[in-house]
Amino acid sequence: MRAFALVLVTGCLTAVTSAHAADFIVRPTEPYECSSLAAAVGPEKLWQGSFWGRKEVDLGFIRYKTANEHPCFKTEKSCRNWLYNMQSEYKDMVWSASCNRGLGR
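Residues numbered from 1 in each chain as written. Predicted model: local features only at pLDDT ≥ 70, side-chain atom pairs only at ≥ 80, totals over all residues. Heavy atoms only, no water.

Engineer: What exactly am I supposed to notice about the overall build of the protein here?
Structural biologist: A tally of regular secondary structure across the protein gives three helices and four strands. The long-range share in the protein, meaning contacts at least 24 apart out of those at least 6 apart in sequence, stands at 70%. Of the roughly 7,500 Å² of accessible surface on the protein, 60% is carried by carbon and sulfur atoms. (Helix = DSSP H or I, 4+ residues; strand = E, 2+ residues; numbered from the N terminus. Contact = heavy atoms within 4.5 Å. Areas by Shrake-Rupley, 256 points an atom, 1.4 Å probe, with all protein chains shown as cover.)

Engineer: Can you walk me through the nonpolar core in this structure?
Structural biologist: Within soluble globular proteins, side chains that are nonpolar tend to cluster in buried spots. Judged by nonpolar contacts, W47, F51, A67, F73, C79, W82, L83, M86, Y90 and C99 together constitute the single largest core of 10 residues. For this core, the secondary-structure elements that each account for two or more residues are β1 (47-59) and α3 (76-89). Contact partners of W47, with chain neighbours within four places excluded, come to P71, C72, F73, K74, T75, E76, C79, C99, N100 and R101. C34, L37, L46 and C72 belong to the second largest nonpolar core, which has five residues in total. (Core = buried A, V, L, I, M, F, W, Y, C linked by side-chain atoms within 4.5 Å. Buried < 20%, exposed > 50% of the residue type's maximum accessible area, 1.4 Å probe, protein only.)

Engineer: In this structure, what is going on with the state of the cysteines? I would like to understand it.
Structural biologist: In a disulfide, the sulfur atoms of two cysteines are held together by a covalent bond. All told, the structure shown has two disulfides when counted by the stated rule. One disulfide in the model links C34 with C72; its S-S distance is 2.0 Å. A torsion of 95° about the S-S bond marks the disulfide between C34 and C72 as right-handed. With a gap of 38 residues between them, C34 in helix α2 (residues 34-41) and C72 in strand β3 (residues 72-73) connect regions that are remote in the sequence. Should the bonded cysteines of the protein be numbered as they appear in the sequence, the pairing reads 1-2, 3-4. (Disulfide = S-S within 2.5 Å.)

Engineer: Is there a simple way to explain the pattern of salt bridges in this structure?
Structural biologist: Here the structure, examined in full by the defined rule, presents four salt bridges. Between D92 and R54 there is a salt bridge whose closest N-O contact spans 3.2 Å. With D92 in the loop between α3 and β4 (93-101) and R54 in strand β1, this residue pair connects regions lying 38 residues apart in the sequence. With a relative accessible area of 35%, D92 lands in the partly exposed category. You can call R54 partly exposed: its relative accessible area is 24%. Where R63 meets E56, a salt bridge forms, and the shortest distance between an N and an O atom there is 2.3 Å. Using a relative accessible area of 43% as the deciding quantity, one classes R63 as partly exposed. On the basis of relative accessibility, which here comes to 46%, the residue E56 falls in the partly exposed class. (Salt bridge = Lys/Arg side-chain N within 4 Å of Asp/Glu carboxyl O.)

That is the geometry; function is a separate question.
Structure below.
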């Protein structure tokens, strides 16, 4: 009986940890460095994502982590998936979030 209780408690803790780690379902995306992708497919054919946001972290004196990223993508869907992932992770504050066709817009 004692072994069963240990297995039950361990299973519950694993379920709680797994549920906590999965705050959202990550969507598939493939970001590229913009100048390389522009050279390969042309600057007018790529999609550029832009995200500037912040999330709360607990690293002693560091309370927040800020992201300011501008990767490029081959498709609009991949850019929008990346944007969804970023907004789902950095949800404390979002100053800007967009996907635009072409480089440098």
